Amino acid sequence: MIRFRQGFYADVRVEDRFSTSIRYRNGSLEECKNTNVKKAFIRVYDGKMWYYASTYKTDDIQSELEALYAAATPNFNVYDTPVVQRYEVHNKCKMRFAESCVKDISLSDKQSILTDMFPVLSDSLYIKMSTALYADRYSVYEFFSSKGSHVKYDFQICGAVFTDSFSDGENNFDNRCDFFADNFSSLCVTQEKVRAMVSEGENFLLNAKPVTPGVYPVILSPEVAGVFAHESFGHKSEADFMLGDETMRMEWELGKKVGADILSIYDSGLESGSGYVPYDDEGTKAGKTYLIKNGILAGRLHSAATAADLGEEVTGNARAISCDYEPIVRMTSTVIEAGDKTVEELFSGISHGYYIKTYKHGSGMSTFTIAPSLAYEIVDGKIGDPVKIAVITGNVFETLNLIDGLSDEVAIQSSVTGGCGKMEQWPLNVSFGGPYVSISKMNIA
């Protein structure tokens, strides 16, 4: 039992994390291990300053807490401060994965997910380097606060990633195939899907042609639309970027027209997948926050501190990658909502343009840049030959207003590897997605 003192606000979060990492390179095992780490992050606030501690000694949290109290100054009005007033109080236990925990699956069963695919990978004459990775994670979180919160929930992901380097003379291309689930029994890794990845990689290697740089209509797949929303708009919606920056506050004034009327983007920790966060690291319950609603700037993402500074409400977006770090404002699952067109209708409206199917990486604030991986020419409404595109880029607000079609189906992309980086905290589990998105003009190089 944690004993909190009067005259301070304090909270404690504890994570018990189990994870597996298995990696093969060209069929040779490089890593195969399970790890289990339990840590706590402790905070004390006296109305003026925060005091932090991180510890592996989860049986001695009280001593760490007392040391922080000794460094702080008692303030019996601390609960009247705008920050503390915004902390929610919840008493909830939400364990979704205890009955299907990846801890209970043997390492040999996890290895076979990868080794069963080796015959497909060895068939290709063009694969010069092949990496197969299996990873999983099961975490149990507990959060306690001096306001009376006690929240407990679990989080689980598992998946496999196959990355292949294709080569034909001086021509090279890397392709990958990702599989994801939130429990092992649902992880469907098949030779058919891996074979399709290999075939598409070979086709791209042998037949992809360079594009002529210019401005073209573009269709983004749900995966690329999601990373576009995440990189080009999601980060600018994290409210800590606005603290002390009046220019940015004016640029991002709520109610401002920022996109096409058909465009709505939301962030939510309630979506299943790698962005699932039912309670953030300040004990705030997850909800659905519209960042753009029908083209209008509708909201932003907050911790208690940023919400207090801007006079707004918390959104459940105070997150840390582990108990080594303090929570900062981060996305969870960032999604573009569906439209009313079929995928065929979107493509049929383009006489000549490009389809961006997958990406290598992306970045963005006022302008964005996405480096495509698999991309195809669109000719007379049909997907044509593969093409080599170095980047697609543009001004965020201009591009959001050039969206002229959204498909009526949405896919959310989760990942068992990588994640979002911000400040020194990387990788944070997030997800993103959307429909197929048609943009009337985009810079392509």
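Rules used throughout
Residues numbered from 1 in each chain as written. Predicted model: local features only at pLDDT ≥ 70, side-chain atom pairs only at ≥ 80, totals over all residues. Heavy atoms only, no water. Helix = DSSP H or I, 4+ residues; strand = E, 2+ residues; numbered from the N terminus. Buried < 20%, exposed > 50% of the residue type's maximum accessible area, 1.4 Å probe, protein only. Contact = heavy atoms within 4.5 Å. Pairing = 2+ DSSP bridges. Axes fitted to C-alpha atoms, helices over the stretch in contact; angles between N-to-C directions. 1 Å grid on protein atoms, 1.4 Å probe; cavity = no way out; pocket = protein on both sides within 12 Å on 5 of 7 lines; lining within 4 Å. Points joined across faces, edges and corners; volume = space filled by probe spheres on them. Nonpolar A, V, L, I, M, F, W, Y, C, P; charged D, E, K, R; others polar.

**Brief notes about the environment of L254**
Part 1 of the reasoning: By the secondary structure assignment, L254 is in the loop between α7 (246–251) and β10 (265–268).
Part 2 of the reasoning: For L254, a relative accessible area of 36% gives the class partly exposed.
Part 3 of the reasoning: Setting aside chain neighbours within four positions, we find L254 in contact with L297, A298, G299, R300 and E312.

**Focus: the pairing of strand β1 (residues 9–25)**
Part 1 of the reasoning: Of all 17 residues making up β1, 13 are buried, and the element is well covered by its neighbours.
Part 2 of the reasoning: Pairing analysis gives 17 bridges linking β1 to strand β2 (residues 28–45), with the strands arranged antiparallel. Note on β2: the bridge partner recorded for R13 is F41.
Part 3 of the reasoning: Linking β1 back to β2 in an antiparallel pair, the connection comprises two residues, with N26 at a positive phi of about 50 degrees.
Part 4 of the reasoning: Pairing of β1 with strand β5 (residues 127–145) involves 15 bridges; the strand directions are antiparallel. Bridging across to β5, R17 finds its partner in S139.

**Re the sheet that holds strand β23 (residues 411–413)**
Part 1 of the reasoning: What the six strands build is an open sheet, ordered β12-β11-β10-β15-β26-β23; its pairing is mixed. The strands lining the two open edges of the sheet, one partner per strand, are β12 (296–297) and β23.
Part 2 of the reasoning: Bridge count for β23 against strand β26 (residues 431–434) is three bridges, and the pairing is antiparallel. Looking at β26, one finds that Q413 is bridged to F432.
Part 3 of the reasoning: Contacting β10, β11 (288–293), β12, β15 (333–336), β23 and β26, helix α6 (residues 222–234) runs over the sheet at an angle of about 120 degrees to β26.

**Details of the layout of surface pockets**
Part 1 of the reasoning: Roughly 1400 Å³ of volume is contained in the largest pocket.
Part 2 of the reasoning: Elements supplying a minimum of two residues to the lining of the largest pocket: β7 (171–181), α5 (191–207), α6, β17 (359–364), β23, β24 (420–422) and β26.
Part 3 of the reasoning: Top element by residues in the lining of the largest pocket is β7. It accounts for seven residues.
Part 4 of the reasoning: For the lining of the largest pocket, the class distribution of residues is 16 nonpolar, 19 polar and nine charged.
Part 5 of the reasoning: Each pocket or cavity is described by its volume, and for the second largest pocket that value is around 800 Å³.
Part 6 of the reasoning: In terms of lining residues, the second largest pocket is bounded by 36 residues, among which R17, R137, I321, P427 and N429 are the most central.
Part 7 of the reasoning: When contributions to the lining of the second largest pocket are tallied by element, the ones reaching two or more residues are β1, β2, β5, β6 (150–168) and β25 (425–428).
Part 8 of the reasoning: For the lining of the second largest pocket, the element with the highest residue contribution is β2, accounting for six residues.

**Here's the deal with unusual backbone geometry**
Part 1 of the reasoning: A cis geometry characterises the amide bond from W426 onward to P427, with omega recorded as -5 degrees.
Part 2 of the reasoning: Position of P427 among the secondary structure elements: in strand β25.
Part 3 of the reasoning: Its identity is not glycine, yet N26 carries a phi of approximately 50 degrees, on the positive side.
Part 4 of the reasoning: Assignment of secondary structure puts N26 in the loop between β1 and β2.

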